[in-house]
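# Notes for the structure review
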Amino acid sequence: QPLEELKSFLSDLRALEKPILLWTGYRMYDIMQSEKLKSVLPLIDYLIDGEYQESLRDTTLKLRGSRNQNIWKREENKFVNTTSAKREKEEYFLD
């Protein structure tokens, strides 16, 4: 029920034609393993994943409270990790 309410709310927000950001304690990998959680992704533009960890707190980060959190940006049919320092980008496809 709460997930369906969230999806309805996000659909209503989409009509405002503004970027939609969603913060979650789940990791992107775990979201992609669940069809129910994954069904929210087409409705948002950015996902900030990972639980806030006080021991990794960093007030210089944009949109994140701790260094373990990632910012994922939707690019057409995939989400790309914009905070990854890896040479190859982390990506998850929605299809």
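What this report covers is the structure whose coordinates are included nearby. (Residues numbered from 1 in each chain as written. Predicted model: local features only at pLDDT ≥ 70, side-chain atom pairs only at ≥ 80, totals over all residues. Heavy atoms only, no water.)

With that out of the way, let us pick up the overall build of the protein. Summing up its helical and strand segments, the protein has 3 helices and 5 strands in all. Counting helices and strands in the order they occur from the N terminus, the protein gives α-β-α-α-β-β-β-β. By the compact-globule yardstick of 12 Å for 95 residues, the protein fits well, its C-alpha radius of gyration being 14 Å. Across the protein, the fraction of contacts at a sequence separation of at least 24, relative to all contacts at a separation of at least 6, is 41%. (Helix = DSSP H or I, 4+ residues; strand = E, 2+ residues; numbered from the N terminus. Rg over C-alpha atoms; globule rule 2.2 N^0.38 Å. Contact = heavy atoms within 4.5 Å.)

Quick look at the pattern of salt bridges now. Evaluated as defined, the whole model comprises 5 salt bridges. Overlapping salt bridges, with partners in common, bring together Arg14, Asp45 and Arg74 in one network. (Salt bridge = Lys/Arg side-chain N within 4 Å of Asp/Glu carboxyl O.)

The subject of this paragraph is the sheet that holds strand S5 (residues 91–93). Taken together, the 5 strands give an open sheet; going across it, the order is S1-S2-S3-S4-S5, and neighbouring strands pair in mixed fashion. Taken across any chain shown, the strands that pair with only one partner, and hence form the sheet edges, are strand S1 (21–23) and S5. The sheet shows a mean angle of 20 degrees between the axes of neighbouring strands, direction not considered. (Pairing = 2+ DSSP bridges. Axes fitted to C-alpha atoms, helices over the stretch in contact; angles between N-to-C directions.)

Once that is clear, we can look at the nonpolar core. Generally speaking, a soluble globular protein has its nonpolar side chains buried in company with each other. With 14 residues, the main nonpolar core has Met28, Val40, Leu41, Ile44, Leu47 and Phe79 as its most contacted residues. At the level of secondary structure, the elements contributing two or more residues to this core comprise helix H1 (2–14) and helix H2 (28–32). At 3 residues, the largest contribution of residues to this core is made by H2. (Core = buried A, V, L, I, M, F, W, Y, C linked by side-chain atoms within 4.5 Å. Buried < 20%, exposed > 50% of the residue type's maximum accessible area, 1.4 Å probe, protein only.)

Before going further, it helps to spend a moment on the side chain of Gln69. Relative to the elements of secondary structure, Gln69 occurs in the loop between strand S2 (46–49) and strand S3 (70–75). Among the residues examined, Gln69 registers a relative accessible area of 7% and is labelled buried. Ignoring any residue separated from it by four or fewer positions in sequence, one finds Gln69 in contact with Arg27, Ile48, Asp49, Gly50, Glu51, Tyr52, Arg64 and Thr83.

Using the criterion set out here, one finds 1 aromatic pair in the structure. Between Trp72 and Tyr92 the ring centres are 5.5 Å apart and the planes differ by 55 degrees, which places this aromatic pair in the tilted class. Of this pair, Trp72 sits in strand S3 while Tyr92 is found in strand S5, placing the two residues 20 residues apart along the sequence. (Phe/Tyr/Trp six-rings, centres within 6.5 Å; stacked < 30°, edge-to-face > 60°.)

A contiguous nonpolar surface patch, about 290 Å² in accessible area, is contributed by Leu21, Trp23 and Leu63. Among the secondary structure elements, Leu63 is positioned in the loop between S2 and S3. (Patch = residues over 30% accessible without salt bridge, like charges linked within 9 Å, V, L, I, M, F, W, Y side chains within 5 Å. Areas by Shrake-Rupley, 256 points an atom, 1.4 Å probe, with all protein chains shown as cover.)

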